[in-house]
Amino acid sequence: MTYTDLEREIDRGTRPELLRRWVLNVLDDVAEGRRPLRAVRHPLGFTCLPVDRTGPDGICVHAWPAEPPLVQPTTSAMHSHSWDLLSHVLHGRVRNELIEVTDAPAEPIWRVYEVRSREDIDEMAPTDRLVTAVTATVETHQAGDSYALRAGGFHTSEVDTGEPAVTVALGRTTPGGCDLSLGAVDGRSHRVRRDRCDTVETARMAREIARLVARG
C-alpha cells in the first residue's frame, strides 16, 4: 500500500483489518530480511521502523515497549513536528498531551530549540524564542483509534508502564517547517545520536511488534 492508500484507509476507518494485515506483512518482510531497513531507538523512548522515508511523505511503524526506557532527553519531551502526523493505533493505548506555548521573553520557563536532523544525528540549536508552556488537552487513543497532530503543534506522546503500544504513522512534510523542542533557557547547541539497531536486532523487534499487532 502507498502513502495515499494508507491515508485513505485511516481517514475512512471502515477497514481496520486491512491496515493490520498490511502492517503484519511489512513486519514479516522485515523479520525475514526481505525489506532492508534498520530499526531506530528514538530518544523519546519508542522504536521506529522507517518503512518508507524516501520522499516528503513518510510511513513508519512506531512501537513503545511494555517497560519503556528511562527517557532523559537533552531538552525535554515537549516537541513539535515539521510535518503533519496521521496515526492509527494497532495495539495498546497512546496518550498525547497537547501543549500551549506562549511567548514570554521577560519571564521564560523554556527556550525553543530547532532540531536539525541528518541521518542519525540531531543537532539541537537554541533559538531566540523564550516561552512558557502548559498542558492544554490530554487525549488517549486505543487500538482501532486514529488521531492527527498538526505540524507546529507542541505535544508529548507516552504510554503507561506495562502497556506496550504500536501505531502506523504517516508524516507529510509542510513547506518551510522545522522540528522544534522545548529546553533549558540557558542551554547550548549540542548533538544527539539516535541508536540504530543492526539487522539481527531489527528482525527480533519486528517479530515482537508483529505479535502485539496480531493481538490487536
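Think of each chain on its own: its residues are numbered from 1, step by step along the sequence as written. The predicted nature of this model means local features are confined to residues of pLDDT at least 70 and side-chain atom pairs, given and counted, to a pLDDT of 80 or more, with totals for whole chains, interfaces and linings taken over all residues. Calculation of side-chain values draws on the structure's entire complement of heavy atoms; hydrogens and water are dropped beforehand.

Undergrad: Just to check I follow, could you spell out the overall build of the chain for this structure?
TA: Helix numbering and strand numbering both begin at the N terminus, where a helix is a DSSP run of H or I of at least 4 residues and a strand a DSSP run of E of at least 2. Looking only at helices and strands, one finds 3 helices and 14 strands in the chain. Note that the radius of gyration is over C-alpha atoms, with the globule rule given as 2.2 Å times the number of residues to the power 0.38. For the chain, the C-alpha radius of gyration of 17 Å lies close to 17 Å, the compact-globule estimate for 216 residues. The principal-axis extents of the C-alpha atoms in the chain amount to approximately 55 × 35 × 35 Å. The buried label applies to any residue whose accessible area, calculated with a 1.4 Å probe on protein chains only, is under 20% of its type's maximum; exposed applies above 50%, and partly exposed to all values in between. Across the 216 residues of the chain, 42% fall into the buried class. Partitioning the contacts of the chain with sequence separation of at least 6, the portion at a separation of at least 24 is 80%. Accessibility throughout is a Shrake-Rupley quantity obtained with a 1.4 Å probe, and a residue counts as covered only by protein chains that appear here. Carbon and sulfur atoms make up 48% of the accessible area of the chain, which totals about 11,400 Å². For the chain, the centre of its 27 positive side-chain charges and the centre of its 33 negative side-chain charges are spaced 4 Å apart. Any two residues whose heavy atoms approach within 4.5 Å are treated as being in contact. When charges are counted, Lys and Arg contribute as positive and Asp and Glu as negative, whereas His and the chain ends are disregarded. Where a charge lies is defined by one atom per residue type, namely NZ (Lys), CZ (Arg), CG (Asp) and CD (Glu).

Undergrad: Even after reading the chapter, I still don't get the environment of Trp110, so can you show me in this structure?
TA: Inspection of the secondary structure assignment puts Trp110 in strand β7 (residues 110-118). A relative accessible area of 22% places Trp110 in the partly exposed class. It is 5.1 Å that separates the C-alpha atoms of Trp110 and Val185, two residues lying 75 residues apart in sequence. Not counting chain neighbours up to four residues away, the residues in contact with Trp110 comprise Ser76, Met78, Arg129, Leu130, Val131, Thr132, Ala133, Leu182, Gly183, Ala184 and Val185.

Undergrad: Would you explain the sheet that holds strand β2 (residues 47-52) in this entry?
TA: Adjacent strands of a sheet form backbone hydrogen bonds with each other and so pair up, either parallel or antiparallel. Paired strands are those between which DSSP finds at least two bridges. Taken in spatial order, the 7 strands line up as β9-β5-β11-β3-β2-β1-β14 in an open sheet, and their pairing is antiparallel. Only two strands of the sheet have a single neighbouring strand rather than two, namely β9 (146-149) and β14 (195-196). On top of the sheet, helix α1 (residues 3-12) reaches β3 (57-64), β5 (83-91), β9 and β11 (165-173); it is set at about 120° to β11, its chief contact. What counts as an axis is a line fitted to C-alpha atoms, over the stretch in contact for a helix, and the angles between N-to-C directions run from 0 to 180 degrees.

Undergrad: Is there a simple way to think about the packing of aromatic side chains in this case?
TA: For any pair of aromatic rings, the description consists of the separation of the ring centres together with the inter-plane angle of the planes. Working definition: rings of Phe, Tyr and Trp (its six-membered ring) pair if their centres are within 6.5 Å, and the pair is stacked with planes under 30 degrees apart, edge-to-face with planes over 60 apart, and tilted otherwise. For the structure shown, the criterion picks out 1 aromatic pair. Both rings, one in Phe46 and one in Trp64, keep their centres 5.2 Å apart while their planes meet at 45°; by these two values the pair is tilted. Of this pair, Phe46 sits in the loop between β1 (40-41) and β2 while Trp64 sits in strand β3, and the two are 18 residues apart along the sequence.

Undergrad: Got a minute to help me understand the pattern of salt bridges in this structure?
TA: By definition, a salt bridge exists where a carboxyl oxygen of Asp or Glu is found within 4 Å of a side-chain nitrogen of Lys or Arg. Under the definition given, this model contains 21 salt bridges. For the salt bridge of Glu7 with Arg172, the shortest nitrogen-to-oxygen distance reads 3.5 Å. Placement of Glu7 in helix α1 and of Arg172 in strand β11 is noted, with a sequence separation of 165 residues between them. A salt bridge links Glu9 to Arg15, with the shortest nitrogen-to-oxygen separation between them at 2.5 Å. Arg15 sits in the partly exposed class, given a relative accessible area of 43%.

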